[in-house]
Amino acid sequence: MDKEIILLPMSDVMYHDFFREYENDEDLYLDKGQFKEYRYEPDKVDAYIQKQVRLKRLPFAIMYGEEMVGELKLYDIVDGVSAVLGITMKSKKYKDRGFGTEAERLAVKYAFEVLDVPVLYADSIVTNTRSQHVLEKVGFRKISEDSERKYYKIERV
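Procedures and definitions
Residues numbered from 1 in each chain as written. Predicted model: local features only at pLDDT ≥ 70, side-chain atom pairs only at ≥ 80, totals over all residues. Heavy atoms only, no water. Core = buried A, V, L, I, M, F, W, Y, C linked by side-chain atoms within 4.5 Å. Buried < 20%, exposed > 50% of the residue type's maximum accessible area, 1.4 Å probe, protein only. Helix = DSSP H or I, 4+ residues; strand = E, 2+ residues; numbered from the N terminus. Pairing = 2+ DSSP bridges.

Right, let's get into the nonpolar core. Most often, soluble globular proteins have nonpolar side chains that are buried together. In this structure, Ile62, Leu85, Leu120 and Phe140 are the most contacted members of the largest nonpolar core, which totals 27 residues. Counting only elements with at least two residues in this core, the list comes to strand 1 (5–9), strand 2 (58–64), strand 3 (67–78), strand 4 (82–89), helix 3 (99–113), strand 5 (119–125), helix 4 (129–138) and strand 7 (149–155). By residue number, the principal contributor to this core is helix 3, which donates 6 residues. Grouped together as the second largest cluster of nonpolar side chains are 11 residues, Met10, Met14, Tyr22 and Met68 included.

Across a regular strand the side chains alternate sides, sitting on one face of the sheet and then on the other. As paired elements, strand 2 and strand 3 share 7 bridges and run antiparallel to each other. Bridging across to strand 3, alanine 61 finds its partner in glutamate 71. In the sheet, strand 3 pairs with strand 4 via 7 bridges, with the strands oriented antiparallel. Residue pairing across strands places glycine 70 opposite methionine 89, the latter belonging to strand 4.

This is how it looks when you write it as structure tokens:
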């Protein structure tokens, strides 16, 4: 990477920019028959933003220089106990380039040092081996799985 990955708090304008260019990834569906092309709808993005606020999620834009390449959020935050990490890259064009790995490293550091939670959780659908690889590379370890998802955990040392 010739530019640095940083996380910026996600604004409403950034959300709309993100979803205007978002492309759904067929690889992330257990049932490929459920895949649909994504279509930007401002009202749905506004509803998504309100949901993030209502659920007290901490959304971040994953920035590569001036370019937003993904969304990362910390949610289900229990002060002094734990939080959950979620990440979405804007399109396949931003995958396999190290952006998600660096963003997750930054999020883990933020959760441990700023939020002061000793445990961070994440999950991935069973077919998303790319996500599982990144979680493990960052230091998460698999703690369980079911027919649809694998569950991960990292603890502050």
